[in-house]
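Survey of secondary and tertiary structure
Now for the letters of each chain:
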Amino acid sequence: QMKKSSTRKTYRLEAPDGGWGILVCIGMALPFTSALAALPSFGLVFGDFLKSIGAETSAMAIITSAFFSSMSFAGLFSGSLFQRFGMRQVGVVGGTLYFLGTGLQLFATSTMHLLVAFSLIQGLAFGLIVPTCYTTFNHYFVKNRVMWMSFAQTLIGLGAMLYPIVMQKLLHWYGFRGCLLILTGINAHAVLGMLVMHPVEWHMRKVPISPEEAASASEEQQEELMPLQEQPVKPTTVVVRVQPETPLKATKDEPTFLTTPTADPAAAAARRLSHAEEHMLRVHSSRASSITSLGNWSGPVVVSDASPQMTHSRQASRRTSMLATGAAGAGAGTGGAVPGADVQDTPDVVKKGYLRTVVDFLDLTLLKKPVYVNIVLGITFALYSDITFFTMQPVYLFELGYNKVDTATIIAIGAAADLVSRIFLAVTAVCIQVPSRYIYLAGALFTVFARFFFTGITEFVGMACITAVLGFLRTWIHVPLPLVFADYLSKERFATGYGLFMFTQGNAMFLIGPIVGVIRDKTQNYILVFHILNAFMIMCAVPWVIEVLIVKFRRRNKIERDNVDHEELEMNNGRSSIVH
């Protein structure tokens, strides 16, 4: 047995960075193509139907705005749903709802029917699909995220280019209802796309570890190095389950301290942590697991953290457990009355408990982080500016006197440049590793300058060239978007963090959109509106640049202080050696 244990191989689990992850990219492209391409083509598919019921222009604005609002609310609760029911299960529900929403549009006879089927049902469904896809992608890819995200976005771009052509042909061949029937079958692939979102634990790579590396590893790293034959975990350790792919129920799976086996359920329940302490332990445990994860393993890990925060949480929990056990014993001996207990504080404690439940459920503590808030607001303003700009561009071209053929040609040139940029980003990501946020910042800055040139161009060749430049830069705003959050947030908080962003972005578009529309209708000045949209893009770029400068300045000051302290320490050591 000693020989077996000495020759037993040790390995480390790492994210696939390929393999089944390629199917995850394809599965993400299936619902994204139909959903993202459906919004620009909404007027193409439903235009004649809405005109027949006398609600063409106003209905389109209301339906699309309600779609984004429904999507934002679903995204807000996605992280909590993942913890309760599991990520893949929630994604399958979203894909099924998206498919059923398209089927219900077959029977639509009024604007209200479309509001329910398209805006409400499909909006909620897509709000569940987006965080499912991005969170699963974040788990599967670590080293080459930009490259594989560009690959997935290239598939989405190809589908978005073909979608309006296919819809036009289907309307011509089968009519409005027949087109919707075939579209229902196409959108059924959203369910297939969600079914391939396997938990990453099913496809982790086993990387062998040499005995020298295993022996030289630190204590925390050795806990993650797993033998070929797993050993049972002793009940005296603290087991922290960081597994967003599987359900986490508060009554069973939340962190508890297991000291000695007991058959008394009341005593076991008394030793549980308080709600606030469980939250703190979960936060610190997720940080510890992300630091020591080497291979970005997100499955069950055994965390042993000696940090002051964790030590404090453990000591506090032990004190709480001893008090709770003692109180339970005293209550049993005195008929349930606990001497010295202050009953008047109970309503305040209950109120704080409700507030803490809401904060934990939505992970609102992220709003205390200035960097996260800066990321959310910046991307929200940039996305609104980009989407509104390209929505208004065709109308602006008609105002300049362009016909439909020239307008369609210019838009097609912008879409082609967008596709080329996606391929370019995927190829360059293989050779050059650039942080996703820097790519996004560069796209926002260059877009600001390009739009200033756009407002001064009227001829066809110049308009086609500047539209190609804007289309090329548009990829730098859309492709790295989820990766910006993936780089900043831990995998355990990505779903809730991205859900908060979806909620903010959807409602911002719902509130800001009508205001800009009123300005456009009152002034009939598209150049003024384009400058307002450019100001929103600047509201993304400038705060991010300021943040980068502040972080670098603080880091430089910290390095200088550390160097000064080190020099003073060496001088003091030299003086003490001379004295001795």
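**Describing the pairing of strand β1 (residues 10-14)**
Summarising burial for β1: 4 of the 5 residues are buried, a large majority. Pairing analysis gives 5 bridges linking β1 to strand β2 (residues 205-209), with the strands arranged antiparallel. By the bridge assignment, R12 is partnered in β2 with V207.

**Topic: the environment of T380**
Following the sequence through the fold, T380 ends up in helix α15 (residues 370-399). Of the residues examined, T380 reaches a relative accessible area of 2% and is grouped as buried. With 125 residues separating them in the primary sequence, T380 and Q505 have C-alpha atoms 5.0 Å apart. When neighbours within four sequence positions are excluded, T380 is seen to be in contact with F501, T504, Q505 and A508.

**Considering the confidence of the model for the chain**
Of all residues in the chain, 70% have pLDDT values of 70 or greater, and the mean over the chain is 74. Helix α17 (residues 436-454) holds the highest mean pLDDT among the elements of the chain, 93, whereas strand β5 (residues 300-302) holds the lowest, 33. This stretch, residues 1-6, has a pLDDT under 50; its non-local contacts, to residues over four places away or in other chains, come to 0 contacts. Note that residues 227-277 has pLDDT below 50 and, in this model, 87 contacts with residues that lie over four places away or in other chains.

**Some points on the packing of α17 against helix α18 (residues 460-478)**
When two helices pack together, their arrangement is given by the angle between the helix axes and the distance between those axes. Contact geometry of α17 with α18 gives a least axis separation of 8 Å together with a crossing angle of 160 degrees. By the angle between their directions, the pair α17 and α18 is classed as roughly antiparallel. As α17 runs across α18, the sense of the crossing is left-handed. Note on element contacts: α18 touches α17 through M463, I466, V469, L470, L473, W476 and I477, opposite I439, Y440, A442, G443, A444, F446, T447, A450, R451, F453 and F454.

**A few points about the packing of aromatic side chains**
A complete count under the given rule lists 32 aromatic pairs for this structure. The ring of F390 is capped by R474, whose NZ or CZ atom sits 4.4 Å from the centre of that ring.

**Brief notes about empty space enclosed by the protein**
A water-sized probe rolled over the atoms picks out the places where empty space is left. Summed over all chains, the structure comprises 3 cavities of 30 Å³ or more. A38, F46, F118, Y163 and L183 are, among the 14 residues lining the largest cavity, the residues nearest its centre. Listing elements by their share of the lining of the largest cavity, those giving two or more residues are α2 (20-38), α3 (42-52), α5 (87-104), α6 (111-140) and α7 (145-187).

Quick notes on the rules
- Residues numbered from 1 in each chain as written.
- Predicted model: local features only at pLDDT ≥ 70, side-chain atom pairs only at ≥ 80, totals over all residues.
- Heavy atoms only, no water.
- Buried < 20%, exposed > 50% of the residue type's maximum accessible area, 1.4 Å probe, protein only.
- Helix = DSSP H or I, 4+ residues; strand = E, 2+ residues; numbered from the N terminus.
- Pairing = 2+ DSSP bridges.
- Contact = heavy atoms within 4.5 Å.
- pLDDT = per-residue confidence, 0-100.
- Axes fitted to C-alpha atoms, helices over the stretch in contact; angles between N-to-C directions.
- Parallel < 35°, antiparallel > 145°, perpendicular 65-115°, else oblique.
- Left-handed = near helix turned anticlockwise from the far one by under 90°.
- Phe/Tyr/Trp six-rings, centres within 6.5 Å; stacked < 30°, edge-to-face > 60°.
- Lys NZ or Arg CZ within 6 Å of the ring centre and 35° of its normal.
- 1 Å grid on protein atoms, 1.4 Å probe; cavity = no way out; pocket = protein on both sides within 12 Å on 5 of 7 lines; lining within 4 Å.
- Points joined across faces, edges and corners; volume = space filled by probe spheres on them.

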